[in-house]
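Listed below, chain by chain, are the residues.
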Amino acid sequence: MELRQLRNFLTIAETGSFTRAALQIGTAQPALSRDIRLLEQELGTKLFDRNGRGVSLTREGAIFLAETADHVAALDSAAMSMAARLANAVGTIRLGWTSAFGNPLSGRMISACTRRFPGITVSVLPGSSASVRDWVASDRLDIGVYNSERPSSGYTVRNLMQTPLYFVARKEICRGLPSETISFADVASYPLIVYSCQNALGRIVQGHAQEHKINLNIYAMIDDFYAVYPMIRDGHATTIAPKSLLLGNPDDDNLICRRVVEPSLPFYTLMAISKAKRSNPVVNCLADIISEETHAALEEGLTEGTPFAPTAPLAPV
């Protein structure tokens, strides 16, 4: 359960309408509806009844409103007090992320962080998922965003989003393919450049091949997409990757991207905070900003994926 969801619930209850609440909050109505749906799923009860003029609270919704309104107001007051104290914070915050995340979103994230804390210098260290995860664990980074083949259940790691993976190839190699999807078995027949199992993409692709007893036609194993891209563009091989890695390449029109299905390949984006900085209010605030900006970018279509529904934490990573 997130504070944002509670604020959204209170605004809908106050306005009596998802549409009016979305306008007041400044968010898209589908995102607002998704937040309430997730909140209802977590609580195990229906909070609103829809009617011709909007929505009204159910009995359980009214009880929940009475029990949460004062608490949310107190939290907002505490947050405002903290924000006032943090406004003049100075120093350096060390961020790190993978290309799959940073390629479409790094500018947005850095801008949001520096706008919120003008006295903070943001230092960014890009790297592979394994590197970013290790740098956070060794306190080389304060906050790290990396990818995984599975969501986290640890309280030290947030699940940000799930992203589909695509078969990427030069158009001439794959004439006659369906316009939107391709099965994993069909992908395996093409010469593939794959990542090693040190990388989340490599573990996903090679793990699914082993699980489904599919032999991959491996052309080469390379862990740097920007070394792989020219080989794909020139028609030497193909690969599996998220679309975000293709952003900014001038020759995208020469490529095709088909979402991999049967099975779909899971690709998760996670965020972790260094153990040494988990009590640092600025670091935690910046982590919240990254989470909020990620969800906003997904809603605006600036990157592709589905915001990951928060789950109850079980154990640290």
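As the structure is a computational prediction, the values presented were derived from the model and not from experiment.

**Some points on the pattern of salt bridges**
Move 1: A full pass over the atoms with the stated rule returns 13 salt bridges.
Move 2: Across the pair Asp142 and Arg94 runs a salt bridge, and its minimum N-O distance is 2.7 Å. A residue pair is termed long-range when its members are at least 10 positions apart, and Asp142 in the loop between α6 (129-137) and β5 (143-148) and Arg94 in strand β3 (residues 91-97) qualify at 48 residues.
Move 3: A salt bridge links Asp234 to Arg233, with the shortest nitrogen-to-oxygen separation between them at 3.3 Å.
Move 4: Classification of Asp234 as partly exposed rests on a relative accessible area of 44%.
Move 5: Overlapping salt bridges bring together Arg94, Asp139, Asp142 and Lys277 as one network.

**Concerning the sheet that holds strand β12 (residues 255-261)**
Move 1: The strand order β8-β12-β7-β11-β9-β10 describes an open sheet built from six strands, whose pairing is mixed. Single-partner strands in this sheet number two, and they are β8 (181-183) and β10 (218-221). The sheet shows a mean angle of 35 degrees between the axes of neighbouring strands, direction not considered.
Move 2: Bridge analysis of strand β7 (residues 166-170) against strand β11 (residues 238-241) gives three bridges, and the strand direction is antiparallel. Looking across to β11, one finds that Tyr166 is bridged to Ala241.
Move 3: Lying over the sheet, helix α8 (residues 200-211) contacts β9 (192-194), β10 and β11, oriented at roughly 110 degrees with respect to β11.
Move 4: Where helix α9 (residues 225-233) meets the sheet, it contacts β7, β9, β10, β11 and β12, and its direction lies at approximately 135 degrees from that of β11.

**Regarding the packing of helix α1 (residues 3-15) against helix α3 (residues 29-43)**
Move 1: Packing of α1 against α3 leaves a shortest axis separation of 9 Å and a crossing angle of 105 degrees. The pairing of α1 with α3 is recorded here as roughly perpendicular in orientation. In this structure, α1 contributes Arg4, Gln5, Leu6, Asn8, Phe9 and Ile12 to the contact, and α3 contributes Leu32, Asp35, Ile36, Leu38 and Leu39.
Move 2: Looking at the contact of α1 with α3 residue by residue, the classes come out as seven nonpolar, two polar and two charged.

What counts as what
Residues numbered from 1 in each chain as written. Predicted model: local features only at pLDDT ≥ 70, side-chain atom pairs only at ≥ 80, totals over all residues. Heavy atoms only, no water. Salt bridge = Lys/Arg side-chain N within 4 Å of Asp/Glu carboxyl O. Helix = DSSP H or I, 4+ residues; strand = E, 2+ residues; numbered from the N terminus. Buried < 20%, exposed > 50% of the residue type's maximum accessible area, 1.4 Å probe, protein only. Pairing = 2+ DSSP bridges. Axes fitted to C-alpha atoms, helices over the stretch in contact; angles between N-to-C directions. Contact = heavy atoms within 4.5 Å. Parallel < 35°, antiparallel > 145°, perpendicular 65-115°, else oblique. Nonpolar A, V, L, I, M, F, W, Y, C, P; charged D, E, K, R; others polar.

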